[in-house]
Structures are given as C-alpha cells and as structure tokens.
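Now for the letters of each chain:
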Amino acid sequence: EGWYPLIKEGKQNGSLKVVLTFTPLGLLPGNYLKWSRKLSPFRLEITNTEIDSGGYIEGSVILLTPISLDLKRIYLRLSGIESVSWTEDDGSDLDRHYEGETTIVNKWYHGWENSEEKIDPGRYHWKYRVKIPESIPPSYDAPHGKIVYNVYAYMDHIKPTEAQPIKIYSPIIATHPQQAQSQKHNIQVACIMDKPVYYWDETPLRLMIKTCLKNYSDYGIKSIKVHITEQLSYTANNNVCSEGKLLFKQTYRSMHICGHQQWEGKLLADLPVL
C-alpha cells in the first residue's frame, strides 16, 4: 500500500493510492493439498544417517504452511525391507529366476502432539530423537540381496515426506574358535578373535586374530595367508542361493617356522566398513 505522485509537464498535479492484496501462489484453503503435493512444504531432515543398531535417529521435521491447518500430531515411521533376487542357469533354454521381499521392521514413533489441534500460518521446526530396535539386522547391499532402511514423517491431511535412507550397523559377533588340520602335511592351525563382539565405531575395523600353529611336519613354513569371508544364504519360494563375500585377504610373510615347531602370535586384520 502506498501513495504515488502524478506528474504532468514536470509538476505534481495529484496522487495515486495503490493497494496490493494477494494470496501466495493463489492458495485458497481448498487448493492447499494440491500445492503441498507440488512444492513439498513438509519435509524430514536426519542429522545422523549412519547408526548402530539400538542407537538413536536425530533430526527435524519442517513444515511451511501459508494457511491455518488442523494438525493433531506428527508421526515418524522406520521401514526396513529385505529383498533377494537371483537367476539360475539349469542348462535349458529358459533360466530360472527367483525373487522375494520381506518387511523386517515397520515401527511407528509418536513424534509431536498439538493440544490445540490447529496451527497458524508460518514455518514450523520440530526436533526429534527416537531409538531404533537393537535386534534388527544391519544394512546390506550385495548382488543377490539387499537390506534397506528408510525413515518417513506423517501428519494430518498431507502426504508423507520423501523417504530418507539410513544405514544401520550391527556388531560383529565372533564365532567359536575354528580349527583346521592339514592331513597331508600334518599342520594344525587354531584361530580365535581377541574379543567376542566388535562394533563399527572406527574405520577401518581392526580385528585381532590369536593364532596357534603347530607344525608336526618336516616342512618349514614361511608365510601365513588369512582370508575373512562373509557367508550368506538367500531364500525365495523355498529355493536357496548361497554366496560368499571376501572381506579381507592378506599374506603374513617372514614367519620362518621350522618343522616340528609351534608358533603363537597375533595377526591384525583391518576390515573396511561394509
């Protein structure tokens, strides 16, 4: 709103009052849902997208509204989907394809509640901190299988926010000591991890492998090769596909273990984050 002078032949001979009124983007209450679908005024932000199982998701829910809204509550939802897919060649002209999908977690969280059940026009910012379950499997991405986690926010009258992916880590639990014996050369090796549980709290993950080697043969040993693999089995429609993923491979040289000798020591293995 304002007054503007009217000039004629270099002299002011009057004034004009101008008043501008408008509704942003033509937003009438009945068109708000259409506008919200187009511009996504309701969104979810996550500050920590890599989380240990049993940890906390933290972030904000943001809402921009040019009109008053009926709003009772906001929810968060954690979704976890496990999917498998592979193709087998049985020697015929037609390959056999197997696939399957399972929901492993669908957990709802009560994020915020409005006692007045209505909000005025404006920009709103709500923080949240919710705990994820401890028992869920870690995120995974392999040629034949995936475990994917996403977080959504929900509120009254507006479609949910776009999926926000997160990556969940679970501790590595060492199995019982594995012992293997060579019948050909009469060499016995026993390996055990230095602790039962490892957490992905640093990069890379360092494993300490306690090794006992008993050489009952006449052969000398100059090096030790260590392979750490991850074994997986996928199931779809009662069909099973197995695969192994090599996580670590290294040769420890200059061992010089003579025949009929015993050696004990610790071998270090640095694993990349999965």
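If you're wondering where the values come from, they're calculated on a predicted model, not measured in any experiment.

Asker: Explanation requested: the environment of Trp86 in the structure shown.
Answerer: Residue position: Trp86 is located in strand β6 (residues 73–88). Between the C-alpha atoms of Trp86 and His97, which are 11 residues apart in sequence, the distance is 5.9 Å. Discounting residues that sit within four places of it in the chain, Trp86 has contacts with Arg96, His97, Tyr98, His144, Tyr234, Thr235, Ala236, Asn239, Val240 and Cys241. At 3.0 Å, the side chain of Trp86 forms a polar contact with the side chain of Glu88.

Asker: Would you take a moment to explain the sheet that holds strand β3 (residues 42–46) for this structure?
Answerer: Within a sheet, each strand pairs with its neighbour through backbone hydrogen bonds, oriented either parallel or antiparallel. The strand order across the open sheet built from three strands is β3-β5-β8, with neighbouring strands paired in antiparallel fashion. Looking at which strands have only one partner, the edges of the open sheet turn out to be β3 and β8 (122–131). Averaged over neighbouring strand pairs, the angle between their axes works out to 20° when direction is ignored. In this structure, β3 lies alongside strand β5 (residues 56–65), joined through five bridges in antiparallel fashion. Looking across to β5, one finds that Glu45 is bridged to Ser60.

Asker: Looking at this structure, I do not really get the confidence of the model for the protein. What am I missing?
Answerer: Interpretation of the predicted coordinates at a detailed level should be avoided for regions scoring low in pLDDT. Per-residue confidence for the protein gives a mean pLDDT of 79, with 78% of residues at or over 70. Every residue in residues 25–29 is under pLDDT 50, and counting partners more than four places away or in other chains gives eight contacts.

Asker: Is there a simple way to think about the nonpolar core in this case?
Answerer: One broad trend across soluble globular proteins is that nonpolar side chains are buried collectively. Ile57, Val61, Leu63 and Ile166 are the most contacted members of the largest nonpolar core, which has 37 residues in total. Formed by 17 residues, the second largest nonpolar core is a distinct cluster that contains Ile209, Leu213, Ile228 and Leu271.

Asker: How should the side chain of Ser139 be read in this particular structure?
Answerer: As for its position among the elements, Ser139 is in the loop between β8 and β9 (140–141). For Ser139, a relative accessible area of 14% translates into the label buried. Engagement of the side chain of Ser139 in a polar contact is seen with the backbone nitrogen of Ile168, the distance being 2.8 Å. Setting aside anything within four residues of it in sequence, one finds Ser139 in contact with Ile147, Tyr149, Ile166, Lys167 and Ile168.

Asker: So what exactly am I meant to see when it comes to the side chain of Ser217 here?
Answerer: Within the secondary structure, Ser217 sits in the loop between β16 (205–215) and β17 (224–236). For Ser217, the side chain forms a polar contact with the main-chain nitrogen of Tyr219, separated by 3.2 Å.

Basis of the calculations
- Residues numbered from 1 in each chain as written.
- Predicted model: local features only at pLDDT ≥ 70, side-chain atom pairs only at ≥ 80, totals over all residues.
- Heavy atoms only, no water.
- Helix = DSSP H or I, 4+ residues; strand = E, 2+ residues; numbered from the N terminus.
- Contact = heavy atoms within 4.5 Å.
- Polar contact = N/O pair within 3.5 Å; in protein donor to acceptor, adjacent residues only side chain to side chain.
- Pairing = 2+ DSSP bridges.
- Axes fitted to C-alpha atoms, helices over the stretch in contact; angles between N-to-C directions.
- pLDDT = per-residue confidence, 0-100.
- Core = buried A, V, L, I, M, F, W, Y, C linked by side-chain atoms within 4.5 Å.
- Buried < 20%, exposed > 50% of the residue type's maximum accessible area, 1.4 Å probe, protein only.

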